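# A closer look at the structure
Read off the chains here:
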Amino acid sequence: MFSRSHLYHMSDYKLQKMKNYLIEHLNKNFISFSSILYTSLILFVEKKDDSLRFCIDYKKLNALIKRDRYSLFLIDETLARIQDSKYLIQLNIIVVFNKLRMHLRSEDLTIFIIFFDLYKYHVMFFKLINDSTFYQHYMNDVLFNYLHQFCQIYLDDIIIYSKTLKKHKKHVWLVLHKLREINLQMNINKCKFHVQEISFLKLLLFIEKLKMNSRKIQAVVKWFTSTNLT
């Protein structure tokens, strides 16, 4: 078993951010107070918009977890099914991890230490080994009846594709209705409705073709060519 971690210095700003995180998640019953001999450290990671993401260093715990070998996606199969579609919509789901409850016997393994106390998770926390596969299992179960017919899922992205406008309206309604039934929310800023192209699986999908997303291959395109052969 992994040993107890030690605290490290944290600025007043990060302390306040941490306290806000605790208050919010305690109120939602996502975490609770705990006490045990082994814990994991917390840290903050800066996002692209300079805000802070609350993270927990679960490296020691992840080393002990049996990996789920579930295959997330078959890109070729997905592209083949989307081909020839005339209408595309991309939905982005938020906070699905909070729908996945931890097993009672596993909760104590998620304990993390901060200046205020020890806490453990009751819901799945991002960056645990197998988090993506559990997430994919869950989303596949939710939209199982529509998969490979007019809907494809990759983690928090849902693609709805149709050949006619009449069918497309029905397909979109079915998916949205199912998401509403289980209270899954969308990030409206990341959703794309009735578009000619979407970014999916690091590719740009067009109604009539597909190509690589240029932003994903900039390192190769701008690769420095040496002029000195010595």
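Before reading on, note that the structure itself is shown above.
Per chain, the residues get numbers from 1 upward, laid out in the order the sequence is written. For a predicted model such as this one, the threshold for reporting local features is a pLDDT of at least 70, and the threshold for listing and counting side-chain atom pairs is 80 or more; totals across whole chains, interfaces and linings nevertheless cover every residue. Heavy atoms throughout the structure, all of them, feed into the side-chain values; hydrogens and water do not.

### Some thoughts on the overall build of the protein
Comment: elements are numbered from the N terminus, with helices defined as DSSP H or I runs of at least four residues and strands as E runs of at least two. When helices and strands are counted, the protein shows 6 helices and 13 strands. The burial tally for the protein puts 41% of its 230 residues in the buried class. Whether two residues touch is decided by their heavy atoms; if any such pair falls within 4.5 Å, the residues are in contact. In the protein, of all internal contacts separated by at least 6 residues, the share reaching a separation of at least 24 is 70%. When the accessible surface of the protein is summed, it comes to about 15,100 Å², and 54% of that surface belongs to carbon and sulfur atoms. For each residue, the accessible area found with a 1.4 Å probe, counting protein chains only, is set against the maximum for its type, and the residue is called buried under 20%, exposed over 50%, and partly exposed in between. Reported accessibility uses the Shrake-Rupley method at a 1.4 Å probe radius. Residues are deemed covered only where the shown protein chains occlude them.

### Structural notes on helix α5 (residues 165–181)
Expected span of a helix: the number of residues minus one, times 1.5 Å. Between its terminal C-alpha atoms α5 stretches 24 Å, which fits the 24 Å expected from 17 residues at 1.5 Å a residue. Regarding α5, the residues found buried are His-168, His-171, Val-172, Val-175 and Leu-179. An end-on view of α5 places all buried positions within 95° of arc, on one side of the element. Opposite the buried face of α5, by more than 90 degrees, sit the exposed residues Lys-166, Lys-169, Lys-170, Trp-173 and Arg-180. Of the residues flanking the end of α5, it is Asn-183, one or two places downstream, whose phi is positive at about 60°. Working definition: the arc comes from the directions between the helix axis and the C-beta atoms, pointing outward to the latter.

### Some points on the sheet that holds strand β6 (residues 118–121)
Here, strands pair whenever DSSP counts at least two bridges between them. The 5 strands are arranged β1-β6-β5-β2-β3 in an open sheet whose pairing can be described as mixed. At either end of the open sheet lies a strand with only one pairing partner, and these are β1 (31–34) and β3 (52–57). With 2 bridges connecting them, strand β5 (residues 112–113) and β6 associate as antiparallel partners. Counterpart to Phe-112 in the pairing with β6 is Tyr-119.

### Things to note about unusual backbone geometry
Backbone geometry places His-148, a non-glycine residue, at a positive phi of 65°. Accessibility expressed as a relative area gives 37% for His-148, which makes it partly exposed.

### So, the packing of aromatic side chains
Only Phe, Tyr and Trp rings take part, Trp by its six-membered ring, and two of them pair if their centres are within 6.5 Å. Stacked means planes under 30 degrees apart, edge-to-face means over 60, and tilted covers everything else. Going through the model one piece at a time under the given rule, you end up with 2 aromatic pairs. Between Phe-112 and Tyr-121, the ring centres sit 5.5 Å apart and the planes meet at 40°, which makes this aromatic pair tilted. The exposure classification of Phe-112 matches that of Tyr-121, with both residues buried.

### What about the pattern of salt bridges?
Counted as salt bridges are all cases of a side-chain nitrogen of Lys or Arg within 4 Å of a carboxyl oxygen of Asp or Glu. The tally for this structure, following the rule as stated, stands at 3 salt bridges. Salt-bridge contacts for Lys-28 lead to Glu-24; the nearest nitrogen and oxygen are separated by 3.0 Å. Residue class for Lys-28 comes out partly exposed when judged on its relative accessible area of 43%. Residue Glu-107 is joined to Lys-120 by a salt bridge in which the shortest nitrogen-to-oxygen separation is 3.9 Å. Linking Glu-107 in the loop between β4 (87–94) and β5 with Lys-120 in strand β6, this pair joins segments that are 13 residues apart in sequence. When its relative accessible area of 6% is taken as the criterion, Glu-107 is described as buried. Taking relative accessible area as the criterion, Lys-120 reaches 16% and is therefore assigned buried.

### Considerations on the pairing of strand β2 (residues 40–46)
Residues in a regular strand point their side chains to alternate faces of the sheet. By the bridge criterion, 2 bridges tie β2 to β5 in an arrangement that is parallel. Bridge assignment links Leu-41 to a residue of β5, and that residue is Ile-113. Where β2 meets β3, 6 bridges bridge the pair, whose relative direction is antiparallel. Counted as the bridge partner of Val-45 is Arg-53 from β3. Linking β2 to β3, which pair antiparallel, is a turn of 5 residues; within it Asp-50 sits at a positive phi near 75°.

### Notes on the nonpolar core
Joining through side-chain atoms within 4.5 Å is the link that ties buried Ala, Val, Leu, Ile, Met, Phe, Trp, Tyr and Cys residues into a set, and such a set is a nonpolar core. Of all hydrophobic cores here, the largest spans 46 residues; its most connected members are Ile-42, Phe-54, Phe-112, Tyr-121, Met-139, Ile-158 and Val-175. With 4 residues, the top contributor of residues to this core is helix α4 (residues 131–142).

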